[in-house]
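Chain residues, written in single-letter form:
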Amino acid sequence: MLFISTASWSQNAKEISTKALDVTDIDAMEMTSTLTIMDTKGHERIRKTSTASKKFGETTKIITKFTSPADVKGTGLLVYDYENKNDDMWIYLPAIRKVRRIISSEKGKSFMGSEFSNADMSKPNLDDYTYKILGTEEFNGILCWKIESAPMNDDLAYDNGFSKKIALIDKNSYFTYKVTYYDLNDELYKEMIISDYKEVCDGKYLARNMEMDNLQNGRKSILTIDKLQNGSNLSENNFTPAALEK
Amino acid sequence: MKYEHFIIKYRWWFIIVPIIITVLAAIPLAKTKVNPDLEKYLPENTPAMLAKAKIDSLFGNSDPVILIFETTDVLNTETLTRLKNLSRAFHKANEFDGVISLYDTKSIKGAYGAMVVDPVIKRIPKTEIQREQLRKEIRQNELAYKLVVSEDFSKTVIILKVASGITDEQVVHTIKRTLHEFPGSETVYKGGTVYLRVQVNSDISRDMLILMPLGMLIMILFLLLSFREWKSVALPFLVVAMSIVISLGFFPLMGWELSIITILAPIMMIAIANNYGVHFIARYQELNAANPQWSMKEITKNVLYHLKKPVIITGLTTIAGILGLVVHILLPAKQLGIAASLGIAFALLLSISFIPAMMATMKKGKALKSLTQEKAGIIEKGLSRLAKLSTNRPIVILFVFGSFLLLAGAGIVHLQVDSNSENFLPSKHPFRQATSIVNEDFGGTKYLTVLFEGDMKDPKLLQRLDHYETELKKNPSVGSVMSIASILKIMSRAINDKGDEFYDKIPDTREAVAQYIELYSMSGEPEDFDDLVNFDYTQALLIVQFRADSKNALDNVIDEIDRLTVDDPNRSIIGGYCLVDKELAEAVVHGQYNSLLFAILIIALLLVLIFRSFVSGLLGSLPLLFTVITLFGTMGWLGIKLDIGTAMLSSIAIGIGVDYTIHFFWRYRYELGSGKSHEEAIATTLTTTGRGITINAFSVMLGFVILFVSSFLTIKYFAFLIIFSVLLCLLCALILIPALCLLIKPKFLEKKP
């Protein structure tokens, strides 16, 4: 009896996580955003980008162009986010007029030198994790599921750079408001606050603000979406390495 | 004779009060702390300390721990598994901010149109082919080859950057526990200043425990051999023991910590504090032999009457000589000067109160046969011969001493300064083995960092950095040079194809630099360059790793860096632990000159005042000058370098050495005053007071012999040099000064005291 109930809870936890992902899974959009990276002494590095993303079959293709600061303006980034294998990434460096691939298997690696990891920026492979409902908790007066997900094995944990994460997911809307990461030593590591959810199209939402605090080194990164447009007129031809140079 | 009556009348007070004071001073001893941190030797506001502090505050602790793993081939599965486990465990440990191993060092390369940034080892090779492929890749990786893996793959390192606020003990404990948790067959060597400090710390404690009782034992044996009665041994010994307690008790009382320098305080007490007691006993035995009918109280009064003045004077001059250390730039040297002076002052007070008070309460012993001229002892025979020698051939003696002075003194030009703190440990010590491995296989144990400030994405500045790197790498002492420029160059090879205009070059526009870095930030870790450049690219380091076991080799690298970068408008400061070391070396020489000058001047002045004659000042300083010049010259000839330990020498040698001359003068003047000729006065002085001087000198020399068992090379040299200089002082007092007195017949010695 006990075994069955545990199993069904576990099923629920994964379902909740899947729903939380689905609610922000948007087929196509264009946006401009600002990534602010701060060190402990209050120095800031600000990156402004414009991004278009569109789903072609099972693959989401994302093209990003840097608009500021001046020295990296025109740098382009192309990502093919596959469902079940490592992403493909290309970067275009205008200063030397070259497109280069980026090979990175480690999801735990930093995203553009920020406190966000590449894993935070792309859709996770749900089967890589085990899920557990820890209970419920209120976040800013909203009742949330408290879901723990942990990488299946040590190697995955090492690749992802954390031993577990605990997410607070709205019981009604399935918005994720807060994710707490624990390092490989099981100590509190990072805390992400996600806010300002706006509807993009029917039933699909996107948070306009993500804030990641590294509690261990004191650094902080903020990603803000400045402008957002549902859908994109770009064709698949615009999501190729060759198109990056334009 | 008022003072003498007073002491004898209130003798119990003069016995009990000092004992109570000693017991009280012993209480804080339990709180004694040892701190071997070599940086503590320098004031915090010196240029090297400030530079190091600034660079440390910007780029973190620059003082890593290095673990070396040695086996036949480090790429074997067992070793790689162990390294992986250890690297992960060290990453988890809070004690460390950074870990560099084969699993953390980056491999940046171009492949299939991509820049790939990976750890050197991603997967442990399963087949021989994979292993050889990995070996080939490592050979091509300039961030790993000969820096993390030795040329022949027999050794690899894990370099740990210690987090701030972590104590040496925590570091050592965590490493020990982790190595134990993941055992293996590799030989592990541990290096880095943390281990140097811990090693020095434990060895200091060991030396304290072993050397102090040993020194006392030797002293007791020698005194027993010379005086042949227990109470004559007990009195000087008690004075030594009590003054040790006073000088050591002063450290916790003042909140001071013991260091490699201040450990010498008790050793100095053993050597010096018996000085006064020995003269009291020698005189008591002399009077007892000459006047068998006298009571113990009469003898005591007489001894005290004759000796209180010379003992006070020798005590004061010794204190003056040792206080010369107070003007030393190194803090522990100042502390040693103060604590040792205090101990000696206490010993001096005990000698003119406690010793006579004790003597007055004791039973009289039998007169020594060697003193009643029934059967002369070795010392007495030797002294009679010396007296004949100096009275018969004063010119020859002058000539011999003069030639020796010139010959030995010429060695001063070869005298070198050494402040490589690694040399404190013997060459077979595991720490020194680790050091020599790092020097031979991993680019060297020394680091210099040059801080550049400005726009660190400016291609002109980066090209200059690249130029400095190329030039410095030509220096045979330099093992590696690293800066953000080398990383950009590696990236340029990964991003561009061979033959491309951008290949193996610092990009020539600021945009390209920024975009290389942006590209890297997509593939590597943001903290990968934290050691080389700051967050907003306004400050960067050029890190030069090199080998230098002498000050000359160090100067050579510093000069080259300076020559290359002096005109660079963006160069800010040069820092590094070895600069602190160098500063220490210079402080040692500087401190040496000051202490020496101060001590000689004060002593000469005291002599002039006491004997009311300028000649006495000159004559009295002559043995000191002779000793100091000969000593430094001999050091030059023998290749013994001036370092922290040997630096303390001159003041101490002077403090001890002047005593002999004063005791000689005093007795000589007394004998002349009682109507003897110069020749007779010299003969009597040498066989009476000369006996005390000789016994004292030998007990000092033997007391210092125990330092030869110290594990610190510098302390061994120190022992040799102290023994050598005491011997020189003794020879001066027993041979040179008598010969000179006979030739000059100085007026101040003919005056009645």
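Residues numbered from 1 in each chain as written. Chains lettered and ligands numbered in written order. Predicted model: local features only at pLDDT ≥ 70, side-chain atom pairs only at ≥ 80, totals over all residues.

A. Molecular detail of the overall build of chain B. Each helix and strand counted, chain B has 27 helices and 10 strands in total. Projected onto its principal axes, the C-alpha positions of chain B cover 110 × 50 × 40 Å. Of all intrachain contacts in chain B linking residues separated by at least 6 positions in sequence, the fraction that spans at least 24 positions is 82%. (Helix = DSSP H or I, 4+ residues; strand = E, 2+ residues; numbered from the N terminus. Contact = placed C-beta atoms within 7 Å.)

B. Expanded view of the overall build of chain A. If you tally the helices and strands in chain A, you get 4 helices and 13 strands. For chain A, whose C-alpha radius of gyration is 18 Å, the value lies close to the compact-globule estimate of 18 Å for 246 residues. Taking all 246 residues of chain A together, 30% fall into the buried category. Put simply, 44% of the contacts in chain A that link residues at least 6 apart link residues at least 24 apart. (Rg over C-alpha atoms; globule rule 2.2 N^0.38 Å. Buried ≥ 20, exposed ≤ 12 C-beta atoms within 10 Å, placed from the backbone.)

C. The nonpolar core, seen in detail. Residues and elements named next belong to chain B. Counting residues in each nonpolar core, the largest one holds 289 residues, and the members touching the most others are Met491, Val544 and Ile603. Counting residues per element, this core draws most heavily on helix α27 (residues 713–744), which supplies 22 residues. Those residues within four positions of Met491 in sequence are excluded, and the remaining contacts are Ile108, Met115, Tyr516 and Tyr520. (Core = buried A, V, L, I, M, F, W, Y, C linked by C-beta atoms within 7 Å.)

D. Geometry of the pairing of strand β9 (residues 164–170) of chain A. All names here are of chain A. Pairing of strand β8 (residues 142–151) with β9 involves 6 bridges; the strand directions are antiparallel. Opposite Trp145, over in β9, you have Ile169 as the bridge partner. Examined bridge by bridge, β9 and strand β10 (residues 176–182) share 6 bridges and lie antiparallel to one another. Within the sheet, the bridge partner assigned to Ile169 lies in β10 and is Thr176. Counted along the chain from β9 to the antiparallel partner β10, the turn is 5 residues long, and its residue Tyr174 has a positive phi close to 65 degrees. (Pairing = 2+ DSSP bridges.)

E. Here's a closer look at unusual backbone geometry. That bond from Ser68(A) to Pro69(A) is cis: its omega, 0 degrees, falls within 30 degrees of zero. You can see Pro69(A) is positioned in the loop between β3 (59–68) and β4 (76–81). The phi angle at Arg97(A) is positive, at roughly 50 degrees, despite the residue not being glycine. You will see that Asp504(B), though not glycine, has its phi angle at about 55 degrees, which is positive. Tracing the backbone shows Asp504(B) in the loop between α18 (484–495) and α19 (510–523). Classification of Asp504(B) as exposed rests on a count of 11 C-beta atoms within 10 Å.

F. Structural view of the environment of Gly454(B). Residue and element names in this part refer to chain B. On the secondary structure map, Gly454 appears in the loop between β7 (446–453) and α17 (459–473). When the 17 C-beta atoms within 10 Å are taken as the criterion, Gly454 is described as partly exposed. As for Gly454 and Tyr537, which are separated by 83 residues in sequence, their C-alpha atoms are 8.0 Å apart. Non-local contacts of Gly454, meaning those with residues more than four positions away in its chain, are made with Leu461 and Asn570.

G. Here's a closer look at the packing of helix α8 (residues 230–254) of chain B against helix α12 (residues 331–352) of chain B. Residues and elements named next belong to chain B. For the pair α8 and α12, the least separation of the axes is 8 Å and the interaxial angle reads 145 degrees. You can see that α8 and α12 cross each other, and the crossing is right-handed. From α8, Val239, Met242, Ser243, Ile244, Ile246, Ser247, Phe250 and Phe251 reach across to α12, where they touch Ala339, Ala340, Leu342, Gly343, Ile344, Phe346, Ala347, Leu350 and Ser351. (Axes fitted to C-alpha atoms, helices over the stretch in contact; angles between N-to-C directions. Left-handed = near helix turned anticlockwise from the far one by under 90°.)

H. Here's a closer look at the domain arrangement of chain B. Here chain B is described as being made up of domain 1 (2–40 + 198–365 + 378–420 + 582–749), domain 2 (64–191) and domain 3 (430–549). Computed from C-alpha atoms alone, the centre-to-centre distance between domain 1 of chain B and domain 3 of chain B is 56 Å. (Domains from an automatic or database assignment.)

I. View of the interface of chain A and chain B. At the interface, 23 residues of chain A touch 25 residues of chain B. Counting residues per element, the side of chain A that touches chain B draws most heavily on strand β6 (residues 98–103) of chain A, which supplies 5 residues. Each residue belonging to the side of chain A that touches chain B can be placed in one class, and the counts come to 10 nonpolar, 6 polar and 7 charged. (Nonpolar A, V, L, I, M, F, W, Y, C, P; charged D, E, K, R; others polar.)

J. Highlighting the sheet that holds strand β10 (residues 571–575) of chain B. Residues and elements named next belong to chain B. Spatially, 4 strands are ordered β8-β9-β7-β10 in an open sheet, and the strand pairing comes out antiparallel. Here the strands that pair on one side only, and so sit at the sheet edges, are β8 (478–482) and β10. The sheet shows a mean angle of 15 degrees between the axes of neighbouring strands, taken without regard to direction. Pairing geometry for β8 and strand β9 (residues 539–546), over 4 bridges, is antiparallel. Among the inter-strand pairings, Val481 is bridged to a residue of β9, identified as Val544.

K. Molecular detail of helix α22 (residues 614–638) of chain B. Residue and element names in this part refer to chain B. Between its first and last C-alpha, α22 extends 36 Å over 25 residues, near the 36 Å set by a 1.5 Å rise per residue. Leu622 marks where α22 bends most, by close to 30 degrees; the proline Pro623 follows one to four residues later. Positive backbone phi, approximately 75 degrees, marks Gly639, located one or two places after α22. (Expected span 1.5 Å × (residues − 1). Bend = angle between axes of the 7 residues up to and from the residue.)

L. A look at the sheet that holds strand β2 (residues 96–100) of chain B. Residues and elements named next belong to chain B. Taken in spatial order, the 4 strands line up as β2-β5-β1-β6 in an open sheet, and their pairing is antiparallel. For this open sheet the edge positions go to β2 and β6 (187–191), each flanked by a neighbour on one side alone. Strand-to-strand, the axes of this sheet are offset by a mean angle of 20 degrees, without reference to chain direction. Sheet topology note: the strand β1 (residues 65–70)/strand β5 (residues 155–162) ladder contains 6 bridges and is antiparallel. What sits directly across from Val65, in β5, is Leu160.

M. Geometry of helix α2 (residues 11–26) of chain B. Residue and element names in this part refer to chain B. With 16 residues, α2 extends 23 Å from end C-alpha to end C-alpha; this agrees with the ideal 22 Å at 1.5 Å per step. For α2, the set of buried residues is Arg11, Phe14, Pro18 and Ala25. Take α2 and look down its axis: the buried residues cluster within an arc of 75 degrees, on one side only. Opposite the packed face of α2, turned more than 90 degrees from it, sit the exposed residues Trp12, Trp13, Ile16, Ile19, Ile20, Val23 and Leu24. Where α2 is buried, its residues touch α1 (2–9), α8, α12 and α13 (354–361). (Arc of directions from axis to C-beta.)

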